Amino acid sequence: MTSPIAPVTMLAIATSSSGKLAEFRDALAGLPLDLLSAADLGIYDFPEETGASYEENALLKAAHVALRSGLVTLADDSGLEVAALSGAPGVRTARYGGPGLTDGERMAHLLQRLRRVPAGLRTAKFRAVVVLATPTGTVHAFQGESDGEILEGPRGSDGFGYDPIFFSPELGKSFAEASVAEKRRVSHRGRALSQFGTWALTAEGRAALAFAPERAAEQ
Ligand code: ITT
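Residues numbered from 1 in each chain as written. Predicted model: local features only at pLDDT ≥ 70, side-chain atom pairs only at ≥ 80, totals over all residues. Heavy atoms only, no water.

1. Side note on the confidence of the model for the protein
The condition that has to hold: Summary of the metric used: pLDDT quantifies the predictor's per-residue confidence within the range 0 to 100. Two residues form a contact once any of their heavy atoms are found within 4.5 Å.
Overall, the predicted model of the protein reaches an average pLDDT of 93, with 92% of residues at or above 70. The low-confidence segment residues 1–6 (pLDDT under 50) makes eight contacts with residues lying over four places distant or belonging to another chain. In this model, residues 212–219 is a region of pLDDT below 50 whose contacts with residues beyond four sequence positions or in other chains number twelve contacts.

Structural data, given as structure tokens:
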């Protein structure tokens, strides 16, 4: 006799960002996955982000937590690319302006750098690479991007990081004025996680996540 309980796979989320974690939980809510944050697993130290690309940095974080926890793990590395700054800050977005700054201080630094750039030339792009790593070395990457403009001052109080100064033409508002669900539909991370969600239900994805599809199908 088979169990009426849907099989649930534990999946670790390798981030120290509560904002990212909320977005992971929202985007993956429809999958039979039991999400555990790095903090839930008692993992508070993260590797230095020495990679030259989002993918390399996401893999550093995912592999670190996968090896420490023994769980299949997802990590995100993301950044903001501003056209008028030739794509900066890019992979350095989290460290833009120097170490130890608050989100507000980093936004102020960016606004200062763009103070002479008029509306219309303030285009920017958020990029995210979400990497899945298993403790046995399987790796998959999923990418997403979102186009927008850098506002001249913050708008809205939701979200995290640079959300208050990122205007999304697709939403007609800043990311910090959007709900988590609205942001998910158009954001870099939402798009990367949507691709992950599709892949997770394929035979390859189920094998990597060790889903038990024949039992999930009975639900
Ligand atoms: P983890 O590495 O622990 O996941 P982090 O915040 O350090 O957290 P990253 O190294 O990937 O994450 O750096 C991403 C930077 O880009 C960081 O400054 C974020 O605030 C910013 N960022 C990424 N996605 C964002 C989003 O959806 N909204 C606003 N800012 C975002």
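2. Notes on the site of the ligand
Heads up, the condition is: The criterion for a residue being near a molecule or strand is simple. One of its heavy atoms has to lie within 4 Å of it. Between N or O atoms, a polar contact is any pair within 3.5 Å; within protein, one atom must be a potential hydrogen donor and the other a potential acceptor, and residues adjacent in sequence are included only when both atoms are from side chains. Residue exposure ignores everything except the shown protein chains as possible cover, and the areas themselves are Shrake-Rupley values with a 1.4 Å probe. Only DSSP runs of H or I with at least four residues qualify as helices, and only runs of E with at least two residues qualify as strands; both kinds are numbered from the N terminus onward. All residues other than Ala, Val, Leu, Ile, Met, Phe, Trp, Tyr, Cys, Pro, Asp, Glu, Lys and Arg, Gly among them, are scored as polar; the first ten of these are nonpolar and the last four charged.
Inspection of the region around the ligand gives 19 residues, with T15, S16, K61, D163 and K183 positioned closest. E49 has a polar side-chain atom sitting 2.9 Å from an oxygen atom of the ligand. In the model, a nitrogen atom of the ligand is placed 3.1 Å from a nitrogen or oxygen of the H188 side chain. Contact with the protein chains hides 91% of the accessible area of the ligand, taken as 610 Å² for the molecule alone. Looking at the shell around the ligand, the elements with two or more residues in it are β3 (73–82) and α5 (188–200). The element contributing the most residues to the shell around the ligand is β3, with three residues. When its residues are assigned to classes, the shell around the ligand shows four nonpolar, seven polar and eight charged.

3. Let's talk about the pattern of salt bridges
Just so we agree on the cut-off: Each salt bridge in this description consists of a side-chain nitrogen of Lys or Arg and a carboxyl oxygen of Asp or Glu lying within 4 Å of one another. Three labels apply to residues, based on accessible area from a 1.4 Å probe with only protein chains included: buried if under 20% of the type maximum, exposed if over 50%, partly exposed otherwise in between.
Within this structure, the stated rule accounts for 18 salt bridges. Put simply, K183 and E23 hold a salt bridge, and the shortest N to O gap is 2.6 Å. Taken together, the residues span a long stretch of sequence, with K183 in helix α4 (residues 180–186) and E23 in helix α1 (residues 18–27) at a distance of 160 residues. Of the two residues, K183 and E23, both sit in the buried class. Note that D40 is salt-bridged to R25, the shortest N-O span being 3.6 Å. Of this pair, D40 sits in the loop between β2 (33–37) and α2 (54–69) while R25 sits in helix α1, placing them 15 residues apart in sequence. Under the relative-accessibility criterion, D40 is labelled partly exposed at 49%. For R25, a relative accessible area of 36% translates into the label partly exposed. Overlapping salt bridges, with partners in common, bring together K20, E23, D76, D163, K183 and R189 in one network.

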